[in-house]
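# Structure at a glance
Chain residues, written in single-letter form:
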Amino acid sequence: MNRKVLAAVCVVAGGLLLAACAPNATQSALEPAGDNAEKANNLFVPVFWVAVAIFVIVEGALLFFAIRYRHRKGRDTIPPQVHGNTRLEIAWTILPAVILAGVAVPTVATIFELARDPGPDALEVTVLGHQWWWEFDYPEEGVNVPNELHVPTGRPVLLTMCAVGVGYENQPAPSECQGDNPVPLTLGNSVIHSFWAPELFGTQDVFPTYARTLTFAADEPGVYEGQCKEFCGLSHAYMRFVVVAHAPAEFEQWVADQQRPAGSLEGAAAEGLRVFLEAGPAGCTECHSVNGLEDANGEMIRGSIDAPNLSHFASRACFAGCILENTDENLRRWLADPPAMKPGSLMPDYELTSEEIDQLIAFLNTLE
Ligand code: CUA
């Protein structure tokens, strides 16, 4: 290899290595903040160092022999050729088998530990994977939120997860996704997703046909980032979420806040409600629900296609699969042309005027 090529390879390799360094890395499985991630990390660290030791010994020996016995000028004879050494072959078969058996013991134990039933005190949340956003339903509490999984610290959380597709109706509720029950295929043309917040838990694939469970608990209050980890279509990279861990009392407060009806409407917000009900062919309510929003007959307005429930929208930190921080500026960009920001998004471009967008934002801001 000539020097220039070698230098180029070193620069590229060094660049890639440095690109892996981030002072603000928010999704590191190496910094566990909950029991599930802790167990996985406790398994990873010793196995990693065993692998490092083996790598150093094997590659070291390889390099040593390659250099020590390399071809030298003036040596034309071929050294003695050795074929077969029974003792050596038995040794290098048994040794790896022993090492693998040693690694298997804690691995299998951890698998069983992670699958353990968290008991009746666990907070139960149903997680539905849509293309491309996550829905979190709290059946006991009667709360349904997109993109943000709120949990209390120190209490086990039992997630029951399914993937759902277009055509899946918001009613009856996500109760279809329970235990090991097969989810009716009528739930639509759904695809496999994978749910992962590295600081809190390992990945769990989310399937269209069967419910899967995952248990974790967060140690400290905080916001933990997560995202879909299985390629699931055009906007897979835009299928993010956050886990918001609250101190127990604050979690109760959050639940109470989500349960009360959404805010009052005045001025631009009232106009925004009109746009919300009338935009496009059938209004935003063709897909989105807002708890407490009623039509002229006092019937609750419910989206018929399963889009994020917008109740208490103003209290959310992010939206659109958690790719955008919840600010007026981002809402303006989003509402102007959703598919431009999230390719394949089911949210259509209704060609709203900028006045209508401002009114809609005023309306959404009342949904505290
Ligand atoms: Cu859902 Cu990738």
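Presented here is a report on the structure given in the accompanying data block. Note that the structure is a prediction, hence the values are computed from the model and not measured.

What follows concerns the overall build of the chain. Check the secondary structure of the chain and you find eight helices and twelve strands. Residues classed as buried in the chain amount to 37% of the 368 residues present. Sequence-distant contacts, at least 24 apart, represent 63% of the contacts inside the chain between residues at least 6 apart. Of the roughly 21000 Å² of accessible surface on the chain, 61% is carried by carbon and sulfur atoms.

Let us now look at the sheet that holds strand β4 (residues 148-152). What links the strands of a sheet is backbone hydrogen bonding, and the strands pair in either a parallel or an antiparallel sense. Pairing is mixed in the open sheet, where five strands are placed in the order β4-β10-β9-β6-β7. This sheet does not close on itself; its edge strands, each paired only once, are β4 and β7 (204-206). Across this sheet, the average inter-strand angle for adjacent strands is 25°, counted without regard to direction. In the sheet, strand β6 (residues 193-196) pairs with β7 via three bridges, with the strands oriented antiparallel. Considered in β7, the bridge of His-193 is made with Val-206. Against the sheet, helix α4 (residues 248-259) touches β4 and β10 (240-246), its axis set at about 135° to β4.

Right, let's talk about the pattern of salt bridges for a bit. Here the structure, examined in full by the defined rule, presents six salt bridges. Ionic pairing is found between Arg-260 and Asp-257, a salt bridge with its closest N-O pair at 3.8 Å. Arg-260 gets classed as partly exposed once you look at its relative accessible area, which sits at 39%. Relative accessible area serves as the criterion here: at 27%, Asp-257 is assigned to the partly exposed category. Of the charged contacts, one joins Arg-274 and Glu-271 as a salt bridge, the two residues approaching to 3.1 Å between their closest N and O atoms. With Arg-274 and Glu-271 both in helix α5 (residues 268-278) and three residues apart, the pair spans about one turn of that helix. In this structure, a network of salt bridges that share partners links the residues Glu-271, Arg-274 and Glu-278.

Here the focus is a positive patch on the surface. Where like charges cluster on the molecular surface, the positive patch consists of Arg-68, Arg-70, Arg-72 and Arg-75. With respect to the helices and strands, Arg-72 occurs in the loop between α2 (35-68) and α3 (86-114). Looking at Arg-72, the relative accessible area reads 36%, which means it is partly exposed.

Right, let's get into unusual backbone geometry. Among all residues save glycine, negative phi is the norm, and among peptide bonds the norm is trans. In this model, Gln-131 is joined to Trp-132 through a cis peptide bond whose omega is 5°. Looking at where Trp-132 falls in the secondary structure, it is placed in the loop between β1 (123-130) and β2 (133-138). Even without being a glycine, Asn-147 presents a positive backbone phi close to 70°. Within the fold, Asn-147 resides in the loop between β3 (143-146) and β4. Phi angles above zero are rare outside glycine, and Cys-322 is one such case at about 60°. Within the secondary structure layout, Cys-322 lies in the loop between β11 (318-319) and β12 (324-325). You can call Cys-322 buried: its relative accessible area is 10%.

So, how was this worked out
- Residues numbered from 1 in each chain as written.
- Predicted model: local features only at pLDDT ≥ 70, side-chain atom pairs only at ≥ 80, totals over all residues.
- Heavy atoms only, no water.
- Helix = DSSP H or I, 4+ residues; strand = E, 2+ residues; numbered from the N terminus.
- Buried < 20%, exposed > 50% of the residue type's maximum accessible area, 1.4 Å probe, protein only.
- Contact = heavy atoms within 4.5 Å.
- Areas by Shrake-Rupley, 256 points an atom, 1.4 Å probe, with all protein chains shown as cover.
- Pairing = 2+ DSSP bridges.
- Axes fitted to C-alpha atoms, helices over the stretch in contact; angles between N-to-C directions.
- Salt bridge = Lys/Arg side-chain N within 4 Å of Asp/Glu carboxyl O.
- Patch = residues over 30% accessible without salt bridge, like charges linked within 9 Å, V, L, I, M, F, W, Y side chains within 5 Å.
- Lys, Arg positive; Asp, Glu negative; His and termini not counted.
- Charge placed at Lys NZ, Arg CZ, Asp CG, Glu CD.

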